[in-house]
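# Structure at a glance
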Amino acid sequence: MSDHIVTVVGSGYVGTTTAALLAASGIKTFALDIDEAKLAKLNAGKAPFFEVGLDSLVAQGIESGNLIPTSSYEEAIPQSTIVMSAVGTPDNPDGSPNLKYVFSALSSIAENASGPLVYVQKSTVPVGTGKEIIEKYAKQSDHGLNYVSAPEFLREGTAVVDSIEPDRIVVGSTDSASAQIITQIFLDIASKRNDIAQISEQTLRNLPEPEVFTMSIESAELTKVTANAFLALKISFANSIAKLADATNADVVEVMDAVGADKRIGRAFLNAGRGYGGGCFPKDVKGLISSAKASNVDMSIMTAASELNESMPSYVVDQLGDVSEKKITILGLAFKAGTSDVRKSPGIKIANILQNSGAIVTAFDPQAHEEARPELDESIVLAESAQIACSGAEIIIIATEWAEFTSVDFSVAKGALLFDAMNLLDSGEIRGKALDYKGVGRKA
Ligand code: UGA
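Treat the numbers as computed from the prediction; the structure is a model and nothing was measured. (Residues numbered from 1 in each chain as written. Predicted model: local features only at pLDDT ≥ 70, side-chain atom pairs only at ≥ 80, totals over all residues. Heavy atoms only, no water.)

### A look at the overall build of the chain
Selection rule: Strands here are runs of E lasting at least two residues and helices are runs of H or I lasting at least four, both read from the DSSP assignment and numbered beginning at the N terminus. Each radius of gyration is computed over the set of C-alpha atoms, and the globule rule expresses the reference value as 2.2 Å times the number of residues to the power 0.38. Note on classification: 1.4 Å probe, protein chains only; a residue is buried when its accessible area is under 20% of the maximum for its type, exposed when over 50%, partly exposed between these limits. Any pair of residues with heavy atoms lying within 4.5 Å of one another is described as a contacting pair. Under the convention used here, a 1.4 Å probe and the Shrake-Rupley method define accessible areas, while residue burial counts only the protein chains that appear. As used throughout, the charge tally considers Lys and Arg to be positive and Asp and Glu to be negative, leaving His and the chain termini uncounted. Charge coordinates come from a single atom per side chain, which is NZ of Lys, CZ of Arg, CG of Asp or CD of Glu.
On a plain count of helices and strands, the chain comes out with 17 helices and 14 strands. Its C-alpha radius of gyration of 23 Å places the chain within 12% of the 22 Å reference for a compact globule of 444 residues. By residue count, 54% of the 444 residues in the chain fall in the buried class. Nonlocal contacts in the chain, meaning residues at least 24 apart in sequence, comprise 69% of its contacts between residues at least 6 apart. Taken as a whole, the chain presents about 18900 Å² of accessible surface, with 52% of it coming from carbon and sulfur. One way to put it: in the chain the 37 positive side-chain charges average out to a point 4 Å from where the 56 negative ones average out.

### A short note on the packing of aromatic side chains
Rule in force here: For this analysis, a ring pair means two rings from Phe, Tyr or Trp (six-membered ring only for Trp) whose centres lie within 6.5 Å, classed as stacked if their planes differ by under 30 degrees, edge-to-face if by over 60, and tilted for the remaining angles.
In total, this model carries five aromatic pairs according to the counting rule given. Their ring planes at 35° and their centres at 4.1 Å tell us that Tyr-13 and Phe-49 sit as a pair that is tilted. Here the residue Tyr-13 occupies a position in helix α1 (residues 13-24), and Phe-49 occupies one in the loop between α2 (36-43) and α3 (54-64), the gap between them amounting to 36 residues. No difference in accessibility class separates Tyr-13 from Phe-49, as the two residues are buried. Between the aromatic rings of Phe-364 and Phe-405, the centroid separation amounts to 6.4 Å while the plane-to-plane angle is 65°, which identifies the pairing as edge-to-face. In this pair, Phe-364 sits in strand β10 (residues 360-364) while Phe-405 sits in the loop between β12 (395-398) and β13 (417-420), placing the two residues 41 residues apart along the sequence. By relative accessible area, Phe-364 is classed as buried at 7%.

### Concerning helix α8 (residues 176-191)
Residues separated by three or four positions in an α-helix point in the same direction, a consequence of the helix having 3.6 residues per turn. Applied cut-off: One fewer than the residue count of a helix, multiplied by 1.5 Å, yields its expected span. When we speak of the arc, we mean the arc of directions from the helix axis to the C-beta atoms.
Across its 16 residues, α8 extends 22 Å between first and last C-alpha, which sits within 8% of the 22 Å expected from 1.5 Å per residue. Taken together, the buried positions of α8 are occupied by Ser-178, Ala-179, Ile-182, Thr-183, Ile-185, Phe-186, Ile-189 and Ala-190. Projected down its long axis, α8 carries its buried residues within an arc of 155°, all on one side.

### Description of helix α13 (residues 300-318)
Along its 19 residues, α13 runs 26 Å from first to last C-alpha, staying within 8% of the 27 Å computed at 1.5 Å per residue. Here α13 has its buried residues at Met-302, Ala-305, Ser-306, Leu-308, Asn-309, Met-312, Pro-313, Tyr-315, Val-316 and Val-317. Looking at the packing, one finds that the buried side of α13 touches α10 (217-248), α12 (281-294), α14 (346-356), β12 and β13.

### Topic: the sheet that holds strand β2 (residues 28-32)
Stated precisely, the cut-off is as follows: For two strands to be treated as a pair, DSSP must find at least two bridges joining them. Inter-axis angles, ranging from 0 to 180 degrees, are taken between N-to-C directions of lines fitted to C-alpha atoms, where helices are fitted over the stretch in contact.
The eight strands lie next to each other as β3-β2-β1-β4-β5-β6-β7-β8, forming an open sheet whose pairing is mixed. In this open sheet, the two edge strands, each paired with only one partner strand, are β3 (67-70) and β8 (211-215). For this sheet the average axis-to-axis angle between neighbouring strands, irrespective of direction, equals 20°. In this sheet, strand β6 (residues 145-149) lies alongside strand β5 (residues 117-121) in parallel orientation, the contact comprising five bridges.

### Some details on unusual backbone geometry
With a phi angle near 55°, Asn-206 is a residue other than glycine that sits in the positive phi range. The class of Asn-206 is exposed, set by a relative accessible area of 69%.

### Observations regarding the site of the ligand
As a reminder, the rule being used: For this purpose, a residue is taken to be near a molecule or strand whenever a single non-hydrogen atom of the residue falls within 4 Å of it. Pairs of N or O atoms are called polar contacts if they sit within 3.5 Å, as long as, within protein, a hydrogen donor faces a hydrogen acceptor (for residues adjacent in sequence, only side-chain-to-side-chain pairs). When residues are sorted by character, Ala, Val, Leu, Ile, Met, Phe, Trp, Tyr, Cys and Pro go into the nonpolar class, Asp, Glu, Lys and Arg into the charged class, and all the rest, Gly among them, into the polar class.
The environment of the ligand is formed by 20 residues, the closest being Phe-153, Leu-154, Glu-156, Lys-224 and Asn-228. The separation between an oxygen atom of the ligand and a polar main-chain atom of Glu-152 is 3.3 Å. Taking Asn-228, its side chain carries an N or O atom lying 2.7 Å from an oxygen atom of the ligand. Elements supplying a minimum of two residues to the shell around the ligand: α10 and α12. No other element matches the three residues that α10 contributes to the shell around the ligand. Along the lines of polarity and charge, the residues of the shell around the ligand split into nine nonpolar, four polar and seven charged.

### Observations regarding the side chain of Thr-29
Mapping Thr-29 onto the fold places it in strand β2. Taking relative accessible area as the criterion, Thr-29 reaches 0% and is therefore assigned buried. One polar contact links the side chain of Thr-29 to the main-chain carbonyl oxygen of Ile-27, over a distance of 2.9 Å. Contact partners of Thr-29, with chain neighbours within four places excluded, come to Val-6, Val-8, Ala-19, Leu-22, Ala-23, Asn-66, Leu-67 and Ile-68.

### Considering the packing of α12 against α13
Axes are the key here: two packed helices are described by the angle between their axes and the distance separating the axes. Put simply, the rule reads: Angle categories: roughly parallel below 35 degrees, roughly antiparallel above 145, roughly perpendicular from 65 to 115, and oblique for all the rest. It is the rotation of the near helix from the far one that decides the hand of a crossing: anticlockwise by less than a right angle makes it left-handed, clockwise makes it right-handed.
For the pair α12 and α13, interaxial distance at closest approach is 9 Å and the crossing angle is 150°. Accordingly, the angle class assigned to the pair α12 and α13 is roughly antiparallel. Considering the relative orientation of α12 and α13, their crossing is left-handed. Contact residues: Val-285, Lys-286, Leu-288 and Ile-289 in α12; Met-302, Thr-303, Ser-306 and Glu-310 in α13. Considered class by class, the residues forming the contact of α12 with α13 number four nonpolar, two polar and two charged.

### Digging into the sheet that holds strand β9 (residues 327-331)
Spatially, six strands are ordered β11-β10-β9-β12-β13-β14 in an open sheet, and the strand pairing comes out parallel. At either end of the open sheet lies a strand with only one pairing partner, and these are β11 (381-382) and β14 (436-439). As paired elements, β9 and β12 share four bridges and run parallel to each other. Across the sheet, residue Leu-331 finds its bridge partner in β12, namely Ile-398. Packed onto the sheet, α14 meets β9, β10 and β12 and runs at close to 170° relative to β9.

### Describing the nonpolar core
Which entries qualify depends on this criterion: Remark: nonpolar core denotes a set of buried residues (Ala, Val, Leu, Ile, Met, Phe, Trp, Tyr, Cys) joined through side-chain atoms within 4.5 Å.
Ile-330, Leu-331, Leu-354, Ile-397, Phe-410 and Leu-418 are the most contacted members of the largest nonpolar core, which totals 59 residues. In terms of residue count, the dominant contributor to this core is α13 (five residues). Contact partners of Phe-410, with chain neighbours within four places excluded, come to Leu-331, Cys-390, Ile-396, Ile-398, Phe-405, Leu-418, Leu-425, Ile-430 and Leu-435.

Listed below in C-alpha cells is the structure:
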C-alpha cells in the first residue's frame, strides 16, 4: 500500500481511468466530481460512460475501498498529498481552450489544502498554463505547490490498455523529487499490467516497458498537443489524398498500405474516411493554432488540416448524389468505435446534413443512442439494431468502425448504395451481395 493518497479531480474519460488505475495499483484515491449522477454510477461500481474494461476496475476499486467517489473538496484535499487535475477543457468559440474548470478546481484545492501538494496536470492545456497555475496558486494558498505536467496519451475505446501499456511516460516539472514520485506511480501501474489486464479482461499487446521522458513543464505541455496535432495532420493528409484518389480512379487504401509500409512514415492514422471527431483532435488542433497566434507564429499547416477535416462530412454527402426523399441509414454515431462519446462526431454531422437536405434518415449505434439523441435532428429515427436500420434502406453509410457492422446482412437492402465512410469493409465481398459499394477515396 502506497504512502500517498491521491485526489483525481474530474471523472471524465481521463479522470475515471486514472483514478481506477491508481486504486488498482494499491493507492487510496478520491474520485472527485461535482456531478452527483457520475458519483452515483461510480458508487454503483460502474464508469460514468461506456469504456471497454473500465467497469470491472471501478467495481473492484469500490469493493477494495481504494476508490472513493466524492463531491467534497473538504473531505478529499486535506487527506491527499497528490492532486491530479483531469477536469474538462472545452474550447471557446474562437478555438482557444476554455480553462474555467481548471482554475475553479484550483481555487477549491487552494481553499482546502492543509499542507504542501504535488499538483499533476492530466488535462490537455495550452503551453504556458502550468506557469499561470503556479502563480495563481501562490496568491491563493500559503502551502507549497509542486507542479507536474503529466500529459495523458490514452485513447477512448482502448483507455485501459493504453494506460497500462503506454509507449511513453512524459513528466514535466521544475521539482525533480515530485517528477520522480509521479513517474514512479505511473511505472508502478505499468508494472502491474498483467493483474490489471486480468481484472479488466483486456488483452495486452506485449509492448516493452514505457520510455520515460523528463522535461520542463512547457515542453511537456507542448508534447501533448503536438502528438495529437501530428496524428490529426496524418488523418487530414490521408483525406486529401483520398479526394485525389476519387478524382483519379486510384484507391487510397492501396496507396496508404504501400506508403505506410515505409517505416519512416508508418501506417497508423492514415485511414481516410469521414474525418476525425471526439473531444481531443478537433479541440487540440484549434488550441495549437490559437497558441501559435498568441505567440505570432505561423501555424497555417494546422489551419489547413482543420479546414480539410471540417469539409469531410459534406464531402461524404456530396458523393451520394440527390438525397432528397431517399431512405438513408447511418451506422455509427459515436466518434469512434469502443466508446459512447459523440463529441464532434462526424456520423452525427452527416446524419444532420442529410436530414436538412430532405433525406429520410434512420440511425443506429451500439452504444451511443443516449448521448446522440440530443445532438441529432429530432426527426431522425434511432433503430433498435443495425439489421433493422438497414432493412429497406436506399443508401447505407458506415460512419463508425464498430466491428459488428462487418457482420450485418446487407442483403436486406438489395440494390442500395453502401457508402463506407470508414473504409471498413472489403468491397469485393459486398459486390457479391449485390450492393453498390463506395468508400472514401476508393474505387466504386
Ligand atoms: C486521441 C489520441 O489518439 C490519444 O493519444 C490522446 O490521449 C487523446 O486523443 C486525448 O488527447 O485525450 P481519441 O480522441 O480517444 O485519442 O481517439 P483516436 O483513436 O485518436 O481517434 C480520433 C479520431 O480520429 C476518431 O474520430 C477516429 O475515427 C479518427 N481517425 C483515427 C481517423 O479518421 N483515421 C485514422 O487513421 C485514425
